[in-house]
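Listed below, chain by chain, are the residues.
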Amino acid sequence: MEKRELICIGCPLGCPVTVTMDKETITVTGNTCKRGEDYAKKEVTNPTRIVTSSVRVNGGELAMVSVKTKEDIPKGKIFDCMAEIRSAAVEAPVCIGDVIIENCAGTGVSIVATKNVNRGKA
Ligand code: SF4
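Residues numbered from 1 in each chain as written. Predicted model: local features only at pLDDT ≥ 70, side-chain atom pairs only at ≥ 80, totals over all residues. Heavy atoms only, no water.

K.L.:
Can you walk me through the pairing of strand β5 (residues 52-58) in this structure?
P.N.:
When a strand is regular, its side chains alternate between the sheet's two faces. Summarising the sheet, β5 and strand β6 (residues 64-69) pair through 5 bridges and their orientation is antiparallel. Residue Ser54 lies in a different strand from β6, and its bridge partner there is Ser66. The hairpin formed by β5 and β6 contains 5 residues between the paired strands, and Gly59 there has a positive phi angle of roughly 75 degrees. Both β5 and strand β8 (residues 89-91) contribute to a ladder of 3 bridges, which runs parallel. Opposite Arg56, over in β8, you have Ala89 as the bridge partner. (Pairing = 2+ DSSP bridges. Helix = DSSP H or I, 4+ residues; strand = E, 2+ residues; numbered from the N terminus.)

Encoded structure:
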């Protein structure tokens, strides 16, 4: 039997949860709501995260645009994803929701803009 102590990131309360695992069952205690149970089970079986960062903009009124993964990606792919984001650049204008990188780091998940950046004045 294996035990793991986690802090739920489902909301700002940050409940301390305990996950107890054996071959057939995963039991979660300490959570205040169902989201905590779902988070803890996923965290010990298939941990994923939304990644947020910035990408360089060429010819824009701002030098960078904020971006995020469109969906969760596996935790183990965050480093590769960040490397791809750091080496990317996009031409202005950029609109919220624009796909900046498709299939980032082979995850099947796109990187999308979360800010508008207009063309800079020449
Ligand atoms: S268990 Fe529920 S109440 Fe507690 S941090 Fe997670 S989401 Fe928030």
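From this point, the discussion proceeds with the structure in view.
K.L.:
It is not clear to me how the site of the ligand should be interpreted in this structure. Could you clarify?
P.N.:
Taken together, Cys8, Gly10, Cys11, Leu13, Gly14, Cys15, Asn31, Thr32, Cys33, Arg35 and Gly36 make up the full set of residues adjacent to the ligand. Split into classes, the residues belonging to the shell around the ligand amount to 5 nonpolar, 5 polar and 1 charged. (Near = heavy atom within 4 Å. Nonpolar A, V, L, I, M, F, W, Y, C, P; charged D, E, K, R; others polar.)

K.L.:
What exactly am I supposed to notice about the environment of Thr45 here?
P.N.:
Take Thr45: it is sitting in helix α1 (residues 34-45). For Thr45 and Ile26, which are 19 residues apart along the polypeptide, the C-alpha to C-alpha distance reads 9.7 Å. Polar side-chain contacts of Thr45 include one of 2.7 Å to the backbone oxygen of Lys41. (Polar contact = N/O pair within 3.5 Å; in protein donor to acceptor, adjacent residues only side chain to side chain.)

K.L.:
Looking at this structure, I do not really get the domain arrangement of the chain. What am I missing?
P.N.:
It is common to report an interface's size as the accessible area lost on association of the parts. What the domain assignment lists for the chain is domain 1 (2-46) and domain 2 (52-113). The C-alpha-based centres of domain 1 and domain 2 are spaced at 30 Å. (Domains from an automatic or database assignment.)

K.L.:
Sorry, what's going on with the sheet that holds strand β1 (residues 2-7) here?
P.N.:
In a beta sheet, neighbouring strands pair by backbone hydrogen bonds and run either parallel or antiparallel. Spatially, 3 strands are ordered β1-β2-β3 in an open sheet, and the strand pairing comes out antiparallel. Unpaired on one side and paired on the other, β1 and β3 (26-29) mark the two borders of the sheet. The mean angle between the axes of side-by-side strands here comes to 20 degrees, regardless of whether they run parallel or antiparallel. Relative to strand β2 (residues 16-21), β1 runs antiparallel, the two being bridged by 6 bridges. The residue bridging Glu5 from the neighbouring strand is Thr18, located in β2. (Axes fitted to C-alpha atoms, helices over the stretch in contact; angles between N-to-C directions.)

K.L.:
What is the right way to read the layout of surface pockets from this model?
P.N.:
Any empty space left between atoms is shown by rolling a water-sized probe over those atoms. The volume enclosed by the largest pocket comes to roughly 170 Å³. The wall of the largest pocket is formed by 13 residues, among which Ile9, Tyr39, Lys42, Thr48 and Asp72 lie closest to the centre. Listing elements by their share of the lining of the largest pocket, those giving two or more residues are α1 and β4 (48-49). For the lining of the largest pocket, the leading source of residues is α1, giving 5 residues. Class assignment of the residues belonging to the lining of the largest pocket gives a composition of 4 nonpolar, 3 polar and 6 charged. (1 Å grid on protein atoms, 1.4 Å probe; cavity = no way out; pocket = protein on both sides within 12 Å on 5 of 7 lines; lining within 4 Å. Points joined across faces, edges and corners; volume = space filled by probe spheres on them.)

K.L.:
So what exactly am I meant to see when it comes to the environment of Val65 here?
P.N.:
By the element assignment, Val65 lies in strand β6. Since its relative accessible area comes to 0%, Val65 is described here as buried. When near neighbours in sequence (up to four residues on either side) are disregarded, Val65 contacts Ser53, Ser54, Val55, Val57, Val90, Val94, Ala113, Lys115 and Val117. (Buried < 20%, exposed > 50% of the residue type's maximum accessible area, 1.4 Å probe, protein only. Contact = heavy atoms within 4.5 Å.)

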